[in-house]
Amino acid sequence: MLRFGGDRVYGYDASNDRLLVSDDEGRSWDEIDRPAPIIDLVVRPGDSRHVLATTEAGLYESRDGGGTWDRVGEHVGLLAWPSPELLHLVDGRGDVHASSDAGRSWRARGSIGGLPAALLGRSASELYAALHDGTVKQSVDGGRRWTIRSSP
């Protein structure tokens, strides 16, 4: 998986359980500590050193570009952080949650209605979710209601 914020790029090599970072748009890479094997990782918009990672052990935060990690909660799933004000998570059941405090507290939003494969946020209100069956869904109200954009 690759995630970016500004010129900084984070890459997680799941095959070898390595978290890498590049400060030159991917020309060179350094390995950095990771809290546990990573399920998903997001970068806070406007702050390339503030990242969140979900792991089987919960949600972890780094405010120094992966130098140190603190556990901030138990939620596990796929993440989208499209605006500094709102973070989204879809868990393994397909339930959507939102946080306005970088994952310290969550409120239920809705459900994508299936097993999540990917989550993308275009804005605080516009989200896209891919399901394992190939269906792509869209929400324009921050994850409360979902409509099918395409299906296999």
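Refer to the structure presented above.
To keep things clear, this report deals only with the structure shown in the data block. This is a predicted model, so every value here is computed, not measured. (Residues numbered from 1 in each chain as written. Predicted model: local features only at pLDDT ≥ 70, side-chain atom pairs only at ≥ 80, totals over all residues. Heavy atoms only, no water.)

Some points on the sheet that holds strand 7 (residues 58-62)
At step 1: Across the sheet, 4 strands lie side by side as 5-6-7-8; this open sheet has antiparallel pairing. Two strands close off the open sheet at either side, each with one partner strand: strand 5 (38-43) and strand 8 (70-73). Pairwise comparison of adjacent strand axes, ignoring direction, gives a mean angle of 30 degrees for this sheet.
At step 2: Pairing of strand 6 (residues 51-55) with strand 7, which is carried by 5 bridges, proceeds in the antiparallel orientation. Residue V51 lies in a different strand from strand 7, and its bridge partner there is S62. (Pairing = 2+ DSSP bridges. Helix = DSSP H or I, 4+ residues; strand = E, 2+ residues; numbered from the N terminus. Axes fitted to C-alpha atoms, helices over the stretch in contact; angles between N-to-C directions.)

Brief notes about the pattern of salt bridges
At step 1: Tallied over the full model, the rule gives 12 salt bridges.
At step 2: Measuring nitrogen to oxygen at the nearest pair gives 2.7 Å for the salt bridge that ties D23 to R8. With D23 in the loop between strand 3 (18-22) and strand 4 (30-32) and R8 in strand 2 (residues 8-13), this pair connects stretches of sequence that are 15 residues apart.
At step 3: Across the pair D95 and R93 runs a salt bridge, and its minimum N-O distance is 3.3 Å.
At step 4: According to the relative accessible area criterion, D95 is partly exposed, its value standing at 24%.
At step 5: Connected via shared salt-bridge partners are D13, R18 and E31. (Salt bridge = Lys/Arg side-chain N within 4 Å of Asp/Glu carboxyl O. Buried < 20%, exposed > 50% of the residue type's maximum accessible area, 1.4 Å probe, protein only.)

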